[in-house]
Amino acid sequence: MDRTVVLITGCSSGIGLHLAVRLASDPSQSFKVYATLRDLKAQGPLREAARARGCPPGSLETLQLDVRDAASIAAARASVTEGRVDVLVCNAGRGVLGPLEAHGEGAVRSVLDVNVAGTVRTLQAFLPDMKRRRSGRVLVTGSMGGLMGLPFNAVYCASKFAIEGLCESLAVLLLPFGVQ
């Protein structure tokens, strides 16, 4: 039986790390997980969590993937030995806290580049194959900040509201292609 191939962005900590380890350690051994990180030097906590959960050999691989760089995304996609991704989890994200007027242009640009443009770049890289195969599932990490504004989180919330709109639009367009 072919395992479900899962690629997750943003696995150096938090949701990405825990989801990668949870799927890779699943007793059914149904998943092959590609946990991606912007910087592979940051994979220590992921590797330690995988050891602690007893992930079987071959269930978890790490790949370098920076959602800010289309070439990095393409290289990670080409490194998936199965030649397909069944489940894509767009989880990489960045935040910035404080009053809007205190944020420099670079900080604002960085949040929007990772959270919005990075998600779009990743989807653009993986959706064509899913549509061609008429199969696939896409999960995008959202936030309460994408449903309601939160004090001192204006830029982060703006990015997550954008992701909500993107996903709502794609959900309708991808169904005829068998992509959920």
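Fair warning: this is a prediction, and the values are worked out from it, not measured in the lab.

The rules behind these values
Residues numbered from 1 in each chain as written. Predicted model: local features only at pLDDT ≥ 70, side-chain atom pairs only at ≥ 80, totals over all residues. Heavy atoms only, no water. Helix = DSSP H or I, 4+ residues; strand = E, 2+ residues; numbered from the N terminus. Expected span 1.5 Å × (residues − 1). Bend = angle between axes of the 7 residues up to and from the residue. Buried < 20%, exposed > 50% of the residue type's maximum accessible area, 1.4 Å probe, protein only. Phe/Tyr/Trp six-rings, centres within 6.5 Å; stacked < 30°, edge-to-face > 60°. Lys NZ or Arg CZ within 6 Å of the ring centre and 35° of its normal. Pairing = 2+ DSSP bridges. Axes fitted to C-alpha atoms, helices over the stretch in contact; angles between N-to-C directions. Contact = heavy atoms within 4.5 Å. Core = buried A, V, L, I, M, F, W, Y, C linked by side-chain atoms within 4.5 Å.

Caption draft 1: Main features of helix 4 (residues 105-133). Helix length check: helix 4, at 29 residues, gives a terminal C-alpha distance of 41 Å against a target of 42 Å (1.5 Å per residue), a fit within 8%. Maximum bend of helix 4: about 40°, positioned at Asp 113. Val 111, Asp 113, Val 114, Asn 115, Gly 118, Thr 119, Thr 122, Leu 123, Ala 125, Phe 126, Leu 127 and Met 130 are the residues of helix 4 that are buried.

Caption draft 2: Spotlight on the packing of aromatic side chains. Under the counting rule described, the total for this entry stands at zero aromatic pairs. Over the aromatic face of Phe 177 sits the side chain of Lys 131, whose NZ or CZ is 4.5 Å from the ring centroid.

Caption draft 3: Just unusual backbone geometry, in detail. Even without glycine at this site, Gln 29 takes up a positive phi of about 50°. Within the secondary structure, Gln 29 sits in the loop between helix 1 (14-24) and strand 2 (31-37). Overall, Gln 29 belongs to the partly exposed group, its relative accessible area being 48%. With a phi close to 65°, Phe 152 is a non-glycine residue in the positive phi region. Here Phe 152 shows up in the loop between strand 5 (137-140) and helix 5 (154-174). For Phe 152, a relative accessible area of 54% puts it in the exposed group.

Caption draft 4: Structural context of the sheet that holds strand 4 (residues 87-90). The parallel open sheet is built from five strands, whose spatial order is 3-2-1-4-5. Across the chains shown, the open sheet's two edge strands, defined by having one partner strand only, are strand 3 (60-64) and strand 5. The sheet shows a mean angle of 20° between the axes of neighbouring strands, direction not considered. Sheet topology places strand 4 next to strand 5; four bridges connect them, and they run parallel. Across the sheet, residue Val 89 finds its bridge partner in strand 5, namely Leu 139. Each of strand 1 (4-8), strand 4 and strand 5 is contacted by helix 4, which is oriented at about 175° to strand 4, the strand it contacts most.

Caption draft 5: Spotlight on the nonpolar core. Within the largest apolar cluster, 23 residues are counted, with the highest numbers of intra-cluster contacts made by Leu 7, Leu 88 and Leu 127. Those elements that provide at least two residues to this core are strand 1, helix 3 (70-78), strand 4, helix 4 and helix 5. Per-element accounting of this core gives the leading share, six residues, to helix 4. Non-local contacts of Leu 127, meaning those with residues more than four positions away in its chain, are made with Val 138, Leu 170, Leu 174 and Val 179. Judged by nonpolar contacts, the second largest core, of 17 residues, contains Ala 35, Leu 46, Cys 55 and Val 89.

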